[in-house]
Amino acid sequence: MDEAIARYPGDHRRSATMPLLHLWQEHFGFISNEAMLWIAQKLGLQPIDILEVVTFYPMFRQQPAGKTHIRVCRTLSCAMAGSFELMKNVCAKLGIQRQADGEGMSAHRTDSSCGEHNPIAVSADGKYSVEFVECLASCGTAPVCMIGEALHEKVDPNSIINLIENRESKIVNRPEPHPLEHRLIFKNIGRPDWTTAIDCYLRDGGYEQLKQALTMSRDDIVNKVKNSGLRGRGGAGFSCGLKWSFIKPDEKRPIYLICNADESEPGTFKDRYIIHEDPHQLLEGILISCYALNARTAYIYIRGEFPEGAKILERAIEEARTHNFLGKNILGSGFDAEVYVHRGAGAYICGEETGLIESLEGKRGYPRIKPPYFPAVLGLYMCPTIVNNVETLCHVKHIIAMGGVEYARLGRPNNTGTRIVSVSGDVQRPGYFEIEVGAVTMGQLIYEMAGGLKPGRKLKAVIPGGSSAKVLRADERFKLKQRQGDGSTIEREMSIDEIPMDFDSLAAAGSMAGSGGVIVLDDSRDVVWVLNNINEFYAHESCGQCTPCREGSLWMKKITDRMLAGGGVVEDPNTLKTIGDNIAGRTICAFGEACAWPTQSFVEKFREEFAARAQKPVPPPLPPEYTAEELIQEESIPTVPLAHDPGWEKAGAAGTI
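Caption draft 1: Region of interest: the overall build of the protein chain. When helices and strands are tallied, the protein chain shows 25 helices and 18 strands. The globule rule puts the C-alpha radius of gyration for 657 residues at 26 Å, and the 25 Å found for the protein chain is close to it. For the protein chain, the C-alpha atoms occupy an extent of roughly 80 × 70 × 50 Å along the three principal directions. Here the protein chain holds 657 residues, and the buried ones make up 59% of them. Sequence separation of 24 or more characterises 69% of the internal contacts of the protein chain that already satisfy a separation of 6 or more. Total accessible area computed for the protein chain in this model is approximately 26100 Å², and 50% of it derives from carbon and sulfur atoms. Averaged over its 72 positive side-chain charges, the protein chain has a centre that lies 2 Å from the centre of its 84 negative ones.

Structure below.
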């Protein structure tokens, strides 16, 4: 614990809150009241400061779990691959009592045997416990679960007990690069002769770009990154070089670099493989970036669900230290830099850069208002801070190797370089593919690279940039402006298969490239069920700071819950869209858009399917938080014409007039 505390500035000991909670829970199994008092005293905080963290992050538990704890992923790609059946079989075999989950319904979150904040169900003998969790960032090998700290991929729901008892992990073969790929960041992923050891990395020319960067001026490095046209690969697609240039050259305050390794967007699973299989590439990119920014301290904020990844990075940091690639006077350059791993604890909101900074400071992950809290001005500890995604920082190494102008020749204007797209859902070969940005179309990605749809099925829709991206229908036509070689632009009408996989084309088609998570839906999918699963994710992950998001995300989930259970009323599609419209643009951070866009787009694009689930007449006014049992149980609902709205207080507990 003392070692963990020493990783943060002396006047910011609160940052060690989450590391200490992780250490305590790993040792004792849960966070007791005594633990919170002890940690508060250790850090010079009030007990409430610790309690607010424990109750905010889902991975911290206040009650013991079973000796073997099983976490099953319930988000979209895993749900499509059978994770609800997987959970049902686990509970049946282990004798664990859980309230039955509907297909996509979320009864597990209000299971009376678990409690709202503690959704863990424990077997009678205390040996086993189970829990539904949000995306585990391995969507291409769905369904997945964690047994203890080990991730298990492509789990057969019918042989889960053998897996629990024997713990033999299925070896998932990594695919050979596809001819349409251009592997830069992923060139070492899946190589049979490759290991995470630094000796292997050095034999392959590792850290040569760091040596080169240390001989360059900081301005030269920033200009190379600017000239490369590199856009952030975490979701927003903002210019990396422009972000870096916000740091003042004569800055007197400490400058911090944060690597955002909180890969939590359902459908996205690229950063996991970089961390697990090529950690030194990431570390080299971080160190070059530290030098360019004059940042003496970098933190890698990694998902709590990546315990093995955190250990791999810790080993890589120590290996790099022994070779003087980090620490004091790096390679005799006079430059000092330290890199530390900071584990999150299961909150998607911490992928938002200011929420991440709040979390790193030892608080709830509540995003900050911008302005004034732009991280480059007022970031970590109110100092200038640059937050970059894992994949983005890896590209920095290759920009130094190739030069900014040469790198910019990859891809298309304003969409340069390569990027990793993650394909999951209803395709025959789900997985990751590194492509030149815009050089591959959606059709090539789905039908050539990912093997096409399953036999006998047709494409229904695609979510092109992680679950928060607006859905695209398979039968839509899109009008896109394309830049020609001579600089002119022409407008073309195209099908979904013809859309280039780049930032600007997907935005012009009405969606976004986002985090590169492509989820494919075939014609067997019920879009109301799909949206309900997505709504459940966002209702669970809202930080609760902004009223439109906190209330609206849960309201949308409750309506789709009820529609699936047979209680849809004719106004539900309009109500869903109205709720989404009243969240987007009205929150502190972009989570409002992230939870609203799926609802807005699914209801608009598949109006007929939502209408089919919403055919009961409108009953007397109901409180928005109240789900009348009659709506589900009764085939027809009597309606009473009202001259005016009587107010909820007159509706009574039953919600009837």
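Caption draft 2: Summary view of the pattern of salt bridges. Within the structure shown, the criterion is met by 46 salt bridges. The closest approach of N and O atoms between Glu358 and Lys363, which form a salt bridge, is 3.4 Å. Several salt bridges share partner residues, and in doing so they unite Lys187, Arg191, Asp193 and Asp204 into one network.

Caption draft 3: Highlighting the environment of Gly351. By the element assignment, Gly351 lies in the loop between β8 (338–343) and α15 (353–360). The spacing of Gly351 and Ala261 is 90 residues in sequence and 8.0 Å in space, taken between C-alpha atoms. Discounting chain neighbours no more than four positions away, the residues touching Gly351 are Asn260 and Asp262.

Caption draft 4: The arrangement of empty space enclosed by the protein in detail. Under the definition given, this model contains five cavities of 30 Å³ or more. Along its surface, the largest cavity is lined by 13 residues, and Cys543, Cys546, Cys549, Cys589 and Phe591 are the ones closest to its centre. Tallied by class, the residues present in the lining of the largest cavity amount to eight nonpolar, five polar and no charged.

Caption draft 5: Spatial organisation of helix α21 (residues 547–564). For α21, which comprises 18 residues, the first-to-last C-alpha distance of 26 Å matches the rise-based estimate of 26 Å (1.5 Å per residue) to within 8%. What α21 keeps buried is the set Cys549, Gly552, Ser553, Met556, Lys557, Ile559, Thr560, Asp561, Arg562, Met563 and Leu564. Looking at the buried residues of α21, the elements they touch are α20 (527–541), α22 (572–583), α23 (591–605), α24 (607–612) and α25 (629–633). Within two residues after α21, Gly566 carries a phi angle of roughly 95°, on the positive side.

Caption draft 6: Layout of the sheet that holds strand β2 (residues 121–122). Spatially, β2-β3-β1-β4-β5 is the arrangement adopted by the five strands of the open sheet, whose pairing is mixed. With one partner strand each, in any of the chains shown, β2 and β5 (150–152) form the two edges of the open sheet. As paired elements, strand β1 (residues 68–73) and strand β3 (residues 128–133) share six bridges and run parallel to each other. Within β3, the residue paired with Arg71 across the bridge is Glu131. Its contacts with the sheet put helix α6 (residues 83–94) on β1 and β3, and the angle it makes with β3 is roughly 165°.

Caption draft 7: Local environment of the packing of aromatic side chains. Across all of its chains, the model carries 24 aromatic pairs by this definition. Both rings, one in Phe56 and one in Tyr366, keep their centres 5.8 Å apart while their planes meet at 90°; by these two values the pair is edge-to-face. Taken as a pair, Phe56 in helix α4 (residues 47–56) and Tyr366 in the loop between α15 and β9 (385–389) lie far apart in primary sequence, 310 residues in all. Given the relative accessible area of 14%, Phe56 is considered buried. Following the ring pairs from residue to residue traces out a cluster consisting of Tyr8, Tyr256, Tyr299, Tyr340 and Tyr381. Above the ring of Tyr291, the side-chain terminus of Arg218 is found at 4.6 Å from the ring centroid. If you follow Arg231 out to its NZ or CZ, it ends over the ring of Phe503, 4.3 Å from the centre.

Conventions and cut-offs
Residues numbered from 1 in each chain as written. Predicted model: local features only at pLDDT ≥ 70, side-chain atom pairs only at ≥ 80, totals over all residues. Heavy atoms only, no water. Helix = DSSP H or I, 4+ residues; strand = E, 2+ residues; numbered from the N terminus. Rg over C-alpha atoms; globule rule 2.2 N^0.38 Å. Buried < 20%, exposed > 50% of the residue type's maximum accessible area, 1.4 Å probe, protein only. Contact = heavy atoms within 4.5 Å. Areas by Shrake-Rupley, 256 points an atom, 1.4 Å probe, with all protein chains shown as cover. Lys, Arg positive; Asp, Glu negative; His and termini not counted. Charge placed at Lys NZ, Arg CZ, Asp CG, Glu CD. Salt bridge = Lys/Arg side-chain N within 4 Å of Asp/Glu carboxyl O. 1 Å grid on protein atoms, 1.4 Å probe; cavity = no way out; pocket = protein on both sides within 12 Å on 5 of 7 lines; lining within 4 Å. Points joined across faces, edges and corners; volume = space filled by probe spheres on them. Nonpolar A, V, L, I, M, F, W, Y, C, P; charged D, E, K, R; others polar. Expected span 1.5 Å × (residues − 1). Pairing = 2+ DSSP bridges. Axes fitted to C-alpha atoms, helices over the stretch in contact; angles between N-to-C directions. Phe/Tyr/Trp six-rings, centres within 6.5 Å; stacked < 30°, edge-to-face > 60°. Lys NZ or Arg CZ within 6 Å of the ring centre and 35° of its normal.

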